[in-house]
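Summary of structural features
Each chain, written out:
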Amino acid sequence: MALSTAELSLVEQRVANDGPSVGVAYLLWFFLWFVSAHRFYLGRPGTAILQILSYFILIGFLWVLIDAFLIPGMVRDKNNEIRHRVMTQLSGHA
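Every chain begins its residue count from 1, and numbering advances along the sequence as written. Since the coordinates come from a predicted model, pLDDT governs what is reported: local features require at least 70, and pairs of side-chain atoms require 80 or more to be given and counted, while whole-chain, interface and lining totals use all residues. Computation of side-chain values: all heavy atoms of the structure, hydrogens and water removed.

1. Comments concerning a nonpolar patch on the surface
Definition in use: What goes into a patch is any residue over 30% in relative accessible area without a salt bridge, connected to like charges within 9 Å or, for nonpolar side chains (Val, Leu, Ile, Met, Phe, Trp, Tyr), within 5 Å. Only the protein chains shown count as covering a residue, and every accessible area follows the Shrake-Rupley method with a 1.4 Å probe. Here, a salt bridge means any side-chain nitrogen of Lys or Arg that lies within 4 Å of a carboxyl oxygen of Asp or Glu. Every helix listed is a DSSP run of H or I at least four residues long, and every strand listed is a run of E at least two residues long, numbered separately from the N terminus.
Together, Phe40, Ile49, Leu53, Phe56, Ile57, Ile59, Leu62, Leu65, Ile66 and Leu70 give the surface a local cluster of nonpolar side chains, amounting to about 1,100 Å² of exposed area. Here the element with the most residues in the nonpolar patch is helix α5 (residues 59-93); it accounts for 5 residues. Mapped onto the elements of the fold, Phe56 is located in the loop between α4 (45-54) and α5.

Rendered as structure tokens:
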């Protein structure tokens with residue numbers, strides 16, 4: 001069943017309110033890179049832990065630099081998860 005315009009507006013409002021911010025993710029990346037705070041913030045605890053552990057073999061430092069380019073996509077993925085969850089909830093209650 002398709003969602004109404006009002007329901008779609010509600011979905012986007014929830015994504016805006018509940019979703020992560022690219023700016024916050026970059027601040028966490030810049031200041032707290034050594035604890036992979038940006039990955040925890042973006043709901044990726046498994047890869048955050050792997051990244052922290054990989055610092056001991058130096059590849060983690062390259063990985064954290066690569067994340068500078070991956071953050072926008074990670075934020076988009078997290079927002080899409082929220083969007084899907086809210087749409088599913090609304091479809092179930094329609």
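2. A short note on the confidence of the model for the protein chain
As a note on interpretation, predicted positions should not be read in detail where pLDDT is low. Rules: Per residue, pLDDT captures the predictor's confidence, and it can take any value from 0 to 100.
Looking at the protein chain, pLDDT values average 93 and 97% of them are 70 or higher. Within the protein chain, helix α2 (residues 22-31) carries the highest mean pLDDT (98), whereas α5 carries the lowest (92).

3. Overview of the side chain of Asp67
The condition is simple: Relative accessibility thresholds used throughout: buried, under 20% of the residue-type maximum; exposed, over 50%; partly exposed, between the two (1.4 Å probe, protein chains only). By definition, residues are in contact when any of their heavy atoms lie within 4.5 Å.
With respect to the helices and strands, the residue Asp67 is situated in helix α5. The buried category is assigned to Asp67, whose relative accessible area is 0%. Apart from residues no more than four positions distant in its own chain, Asp67 is found in contact with Trp29, His38, Arg39, Gln51 and Met74.

4. Focus on α4
Put simply, the test is: Throughout, the arc means the angular range of directions from the helix axis out to the C-beta atoms.
Within α4, the full set of buried residues consists of Ala48, Gln51 and Ser54. The buried residues of α4 all sit within an arc of 130° when viewed along its axis, so they share a single face.

5. Digging into the nonpolar core
Going by this rule: In plain words, nonpolar cores are sets of buried Ala, Val, Leu, Ile, Met, Phe, Trp, Tyr and Cys residues tied together by side-chain atoms within 4.5 Å.
Judged by nonpolar contacts, Ala25, Trp29, Leu42, Tyr55, Val64, Ala68, Ile71, Met74 and Val75 together constitute the single largest core of 9 residues. Counting only elements with at least two residues in this core, the list comes to α2 and α5. Element by element, the count of residues in this core is highest for α5, at 5 residues. Discounting chain neighbours no more than four positions away, the residues touching Ala25 are His38, Tyr41, Leu42, Ile71 and Val75.

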